[in-house]
Each structure stands twice: as structure tokens, then as C-alpha cells.
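Secondary and tertiary structure notes
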Amino acid sequence: MKEITDIIKAYQKATKEGKKTALATVIKVEGSSYRRPGARMLITDDGQLTGAISGGCLEGDALRKALSAIVQQENKLITYDTTDEDDARFGVQLGCNGIVHILFEPIIEADALNPMAILTALQSKRESAVLVTLFSLRDKQQLGTGMLFRNKPVYSKISKSIHDEAVNDIREVSENKTTAFKSYEVNSQQIDAFIEFIHPPISLIIVGAGNDAQPLAEMAYLLGWEVTVVDGRPTHATPQRFANATKILISKPQSVLAQIQIDEQTAFVLMTHNYNYDLELLKYLLDTNAPYIGTLGPKKKLLRMLDELDLATPANETRVHGPIGLDIGAETAEEIAISILAEIKSVFTGASAMFLKEKKKPIHVYEPK
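Model, not experiment: these values are computed from the prediction.

Our focus in this paragraph is the overall build of the protein chain. Assigned secondary structure in the protein chain consists of eleven helices and 16 strands. At 23 Å, the protein chain has a C-alpha radius of gyration in line with the 21 Å of a compact globule built from 369 residues. Once the C-alpha set of the protein chain is aligned to its principal axes, its extents read approximately 70 × 45 × 40 Å. Burial analysis of the protein chain (369 residues in total) assigns 46% to the buried set. Across the protein chain, contacts joining residues at least 24 apart in sequence account for 58% of those joining residues at least 6 apart. Here the protein chain displays about 18,400 Å² of accessible surface, and carbon together with sulfur accounts for 50% of that area.

Written as C-alpha cells, this is what we have:
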């Protein structure tokens, strides 16, 4: 989601400056690739790039393709094949043993349903959504970004002839919370659909505004997460100390949850170094559906807290991540922040947090822990 946010900001800036733009989207990958379907990059007519569609190997050629799309004012689908000698000859070295299909869409401001309008609508609400991009590997006509779906179509330019069938597939993707590829027939031509499920950004609630919370808040911001800092001390929870926090709350434990929206992408980290504050807030948190709760400190501290709350059950011991973080040998506040963020990310993606060199399946295939 951070990439989309950065792209929207860059587009708004480019529009004010009178620049023309195009959106590049990775819509399909065969084999291995640095970026997966859904990776996006905005290109301006003066060569500014925001986002990424590869590790840097495609961006140069993608700039040329985007400028062509802007000049011709038509969508273009470009396929980069690492096994193709011509691609290698022209300097397109994927280095990933894969085939990458990238859609280039010039942004036409007069079109109320242009891709940037749809992405802006996606970002406007903190809700999961589905984006649909229509393309064809066999035909020159590329329909492009076609629908934003939240319980029902919000923005849509999908043909009426396939609308109902597509919506059924989109609802299935929304319910399963997973991305899918489908094919439809329009005017005797096969149209492919990249149906992409998108979560809102992780909402990180850092309970504690000590010095060790500052690098955690800053790193989470760099990841594009929404950061809320909570503390009972007005001297610590300040905009000067947490300049990039979305929200700062000075609150007693019993009043915290009334000021926070908890959804499927919310993570709480208890690190006030005030045992009684953490204890009281943990009591309230265990009554919520918060998908991630972590506590700083040793395991015996968590067990003591649960015992004092008369909530020392195997389910609660499993639910609360204490001590919080992955075992990376962290010592400093910055290293501990990396450990915490890595664990939270792995929990929300369902990744194993194992060494990638020991993984038998492709990197981006996650299995239940």
C-alpha cells in the first residue's frame, strides 16, 4: 500500500506541474521475478519514476515504453522474457529466470475512471478492496485498470457482457482474501483479468513513548504503516518526538480502545516499561479481536501478567507474542525495532520467518505456520 500512496502523491505533484504521466503495473509473472503482480510504478514525461516494477533492471526500458504510451495515448502490454536473446541484447537483464508482463497506461485526466482516480479511491478508505485489471496476451487491445470493488463495484468500466460473471469471481477473491487470474470472452476475444485483493496498511499501535519506541515508530512509517503512539505522559507522547506518527494519544489504559479502530490489520505493541499500565491495557485487549498483541520483556513477565489477570490460559499464552520479536540477536533499540517489525510482518502475511535459503517453495508462496 505504501507504493500506491507514494504513486498518488507523485501523480498529484506531477499534475500541478503540468506533467503527463503513465502507470506501469506488473500484471503477470511466469517463473521467478524480483517483483510480483501488483507492483506499480508511475512515470512522468520528464523521466521521474515513483515505485518499482523490478530490482532496477527493467526501469530504463520501461521509461521508454511509458513515454511511447503517453505520446500515443493508448495502453500497451510489454513482455520481458529473460530467455529471449533480443531482450538480453537490448540490456534487459531480469536475472530471475522469469517472464514478466507489464501494462503501461497513460493517465488521461479527463477520464473520471482513469487508473489514478481508481487508486485514489482505493486509498481514501481504510478498508480491504479488490482491484481488477483487464489485459490480453493475445490481442493488441488492453483495457487496463477496470474496477475498484468494496462489497460492490465502486468504480467500474467493465463490459456489461462479462460484468456479472466478473463480479462473482471478484466476490470470491474478496471472501478468500487472495489474488486470482480469470479469463472472459468479449466480442469473441479472450480477455484476462488480474483480480487483486488489497489489504489496508498495517495499523501499528505503539503503547509507550520512551526512547526505544522512537526507532520503532520511524521504521514502521518508512514501511508505510499507520503509526499511533499511546502513553499517559504528555512529556513523552509529543509530535516533536514522533513526527511521523499518524496519531498521538495521551490516555489512561481504560480510555485507549475507545479512541482506536481495531481491524484485521491492527497490531499492538506494549512497551511502556510501566508494568501496571501494560497490565491494565492487556486486560482490555484480550477482550478484543485484535489480531496481534505483543509485549516487550521476558516470558516470565507475560506469564505473571496473565496470572494476575486470571487469564493464564494456553490460548492467551499463544495469542500474545511475549517476548515480542524474532530472534535475530537484537541489542539496541533500532535492532529490537527490526525484530518486532519483522515478526509483525510475518504474522500478517502468514510467512514462516525461516531462512529463505532453506525454503523449498518459491519465495512469495506462504504456507500456514
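Text resumes after the structure shown.
What follows is about the nonpolar core. Core analysis: the biggest nonpolar cluster contains 25 residues, and Leu204, Ile206, Leu216, Val269 and Ile344 have the highest contact counts within it. Mapped onto this core, the elements with two or more residues apiece are strand S11 (203-207), helix H6 (213-222), strand S12 (226-231), strand S14 (266-270) and helix H11 (333-349). Counting 22 residues, the second largest nonpolar core, distinct from the first, contains Tyr277, Leu281, Leu309 and Val320.

Before going further, it helps to spend a moment on unusual backbone geometry. Of note, the amide linkage connecting Gly322 to Pro323 takes the cis form, showing an omega dihedral of 0°. Even without a glycine there, the phi angle at Asp310 is positive, about 60°. Mapped onto the secondary structure, Asp310 falls in the loop between helix H9 (299-308) and helix H10 (314-319). Given a relative accessible area of 70%, Asp310 falls into the exposed group.

Before going further, it helps to spend a moment on helix H8 (residues 275-285). For H8, the set of buried residues is Tyr275, Tyr277, Asp278, Leu279, Leu281, Leu282 and Leu285. One side-chain oxygen of the residue at the start of H8 lies 3.2 Å from the amide nitrogen of Asn276, identifying that residue as Asn274.

By the assigned domains, the protein chain splits into domain 1 (1-198) and domain 2 (203-348). Averaged C-alpha coordinates put domain 1 and domain 2 at centres separated by 36 Å. Domain 1 puts four residues into the contact, and the matching count from domain 2 is eleven residues. Between domain 1 and domain 2, the buried area comes to about 530 Å², and carbon and sulfur atoms account for 31% of it. Looking at the side of domain 1 facing domain 2, the largest losses of area belong to Lys2, Arg126 and Lys177, adding up to 88% of the total buried there. The interface formed by domain 1 and domain 2 holds three salt bridges in total. Here Glu226 ties to Arg126 by a salt bridge, and the two come within 3.2 Å at their closest N and O atoms. Of the residues belonging to the side of domain 1 that touches domain 2, the class tally is no nonpolar, one polar and three charged.

This part takes up the confidence of the model for the protein chain. Note that predicted coordinates carrying low pLDDT should not be read in detail. Confidence in the prediction of the protein chain, expressed as mean pLDDT, is 90, and 93% of residues score 70 or more. Note on residues 88-92: pLDDT under 50 across the span, and seven contacts to partners over four residues away in sequence or across chains.

This part takes up the sheet that holds strand S15 (residues 292-295). On the basis of which strands lie adjacent, the open sheet formed by six strands has the order S13-S12-S11-S14-S15-S16 and parallel pairing. Every other strand in the sheet has two partners, leaving strand S13 (247-250) and strand S16 (320-321) as the edge strands with one partner each. Where S12 and S13 come together, four bridges link them in parallel fashion. Its bridge partner being in S13, Thr228 is matched across the sheet by Lys247. Contacts from H6 reach S11, S12 and S14 within the one sheet, and its direction differs from that of S11 by about 175°.

Conventions adopted
- Residues numbered from 1 in each chain as written.
- Predicted model: local features only at pLDDT ≥ 70, side-chain atom pairs only at ≥ 80, totals over all residues.
- Heavy atoms only, no water.
- Helix = DSSP H or I, 4+ residues; strand = E, 2+ residues; numbered from the N terminus.
- Rg over C-alpha atoms; globule rule 2.2 N^0.38 Å.
- Buried < 20%, exposed > 50% of the residue type's maximum accessible area, 1.4 Å probe, protein only.
- Contact = heavy atoms within 4.5 Å.
- Areas by Shrake-Rupley, 256 points an atom, 1.4 Å probe, with all protein chains shown as cover.
- Core = buried A, V, L, I, M, F, W, Y, C linked by side-chain atoms within 4.5 Å.
- Polar contact = N/O pair within 3.5 Å; in protein donor to acceptor, adjacent residues only side chain to side chain.
- Domains from an automatic or database assignment.
- Buried area = accessible area lost by both parts, 1.4 Å probe.
- Salt bridge = Lys/Arg side-chain N within 4 Å of Asp/Glu carboxyl O.
- Nonpolar A, V, L, I, M, F, W, Y, C, P; charged D, E, K, R; others polar.
- pLDDT = per-residue confidence, 0-100.
- Pairing = 2+ DSSP bridges.
- Axes fitted to C-alpha atoms, helices over the stretch in contact; angles between N-to-C directions.

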